[in-house]
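# Examining the three-dimensional arrangement
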Amino acid sequence: MVKDRVGAAARGATTIADRVVAKIAAQAAREALDAVPEGGSPPHASVVVHRDVARVSVSLELDYPSDIGRQCGAVRGRVRHRVEELAGIEVHEVAVHVERLHSARTVHHRKRGRLA
């Protein structure tokens, strides 16, 4: 007995939730950074997906001094690549927001009970 083959379009569609794409983006941002600053928070992301096109917003904290532009560029590239690779969703925009800069001097003073 031969079964009729059903075309891919007739079988349905796979939908990936925005929060899943956001987790992929946050992990990709962590991979792209040199390191999470001492006392800092790991990157987090929010995503809006519309018709297989994503807009990603990543918030992160960086060490200071550092090459902020290079690190933000690395995050943008890594997030775009990983989301497209793992979720199959085209990424039109990756906005990177640096929420805080951590300096070694500030961390040292905080440990002593005061902030410079």
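Use the structure listed above.
Note that the coordinates shown come from a computational prediction; the quantities given were computed from them, not determined experimentally. Along each chain, numbering runs from 1 in the same order as the chain's sequence is written. For a predicted model such as this one, the threshold for reporting local features is a pLDDT of at least 70, and the threshold for listing and counting side-chain atom pairs is 80 or more; totals across whole chains, interfaces and linings nevertheless cover every residue. Side-chain calculation: all heavy atoms of the structure are included, whereas hydrogens and water are not.

The biggest cluster of nonpolar side chains holds 25 residues, and the ones touching the most others in it are Val56, Val58, Leu60, Val75, Val79, Val83 and Val94. Helix and strand labels come from DSSP, where a helix needs a run of H or I of at least four residues and a strand needs a run of E of at least two; each type is numbered from the N terminus. Going through the elements one at a time, α2 (18-32), β1 (44-50), β2 (53-64), α3 (68-87) and β3 (90-103) are the ones with two or more residues in this core. Sorting elements by how many residues they give to this core places α2 first, with eight residues. Every residue in contact with Val58, bar those within four places of it in the chain, is listed here: Ala29, Pro43, His44, Ala45, Val75, Val79, Val94, Ala95, Val96 and His97. In these notes, a set of buried Ala, Val, Leu, Ile, Met, Phe, Trp, Tyr and Cys residues joined through side-chain atoms within 4.5 Å is what counts as a nonpolar core. Partly exposed residues are those whose accessible area sits between 20% and 50% of the maximum for their type, while under 20% is buried and over 50% is exposed, using a 1.4 Å probe and protein chains only. What makes two residues a contact is simply this: any of their non-hydrogen atoms within 4.5 Å.

In terms of backbone geometry, most residues other than glycine have negative phi values and most peptide bonds are trans. In this chain, Tyr64 is followed by Pro65 through a cis amide linkage whose omega measures 5 degrees. Inspection of the secondary structure puts Pro65 in the loop between β2 and α3. Its identity is not glycine, yet Arg51 carries a phi of approximately 55 degrees, on the positive side. You can see Arg51 is positioned in the loop between β1 and β2. A relative accessible area of 74% means that Arg51 is categorised as exposed. Notably, Asp52 is not glycine yet its phi reads approximately 60 degrees, a positive angle. Within the secondary structure layout, Asp52 lies in the loop between β1 and β2.

Before going further, it helps to spend a moment on the sheet that holds β3. Taken together, three strands build an open sheet; the order of strands is β1-β2-β3 and the sheet is mixed. This sheet does not close on itself; its edge strands, each paired only once, are β1 and β3. On average, adjacent strands in this sheet sit at an angle of 15 degrees to one another, irrespective of strand direction. Geometry is summarised by axes, namely lines fitted to C-alpha atoms with helices restricted to the contacting stretch, and by angles between N-to-C directions that run from 0 to 180 degrees. Its contacts with the sheet place α2 against β1 and β2, and it is angled at close to 135 degrees to β1. On top of the sheet, α3 reaches β2 and β3; it is set at about 140 degrees to β3, its chief contact. One requirement defines pairing of two strands: DSSP has to find at least two bridges between them.

What follows deals with the pattern of salt bridges. By definition here, a salt bridge exists when the distance from a side-chain nitrogen of Lys or Arg to a carboxyl oxygen of Asp or Glu is within 4 Å. A full pass over the atoms with the stated rule returns five salt bridges. For Arg78, the salt bridge goes to Glu31, with nearest N and O atoms at 2.5 Å. Separated by 47 residues along the polypeptide, Arg78 in helix α3 and Glu31 in helix α2 bring together distant segments of the chain. Judged by relative accessible area, Arg78 falls into the partly exposed class, the value being 31%. Of the charged contacts, one joins Glu61 and Arg100 as a salt bridge, the two residues approaching to 3.8 Å between their closest N and O atoms. Residue Glu61 is located in strand β2, and its partner Arg100 is located in strand β3; the two are separated by 39 residues in the primary sequence.

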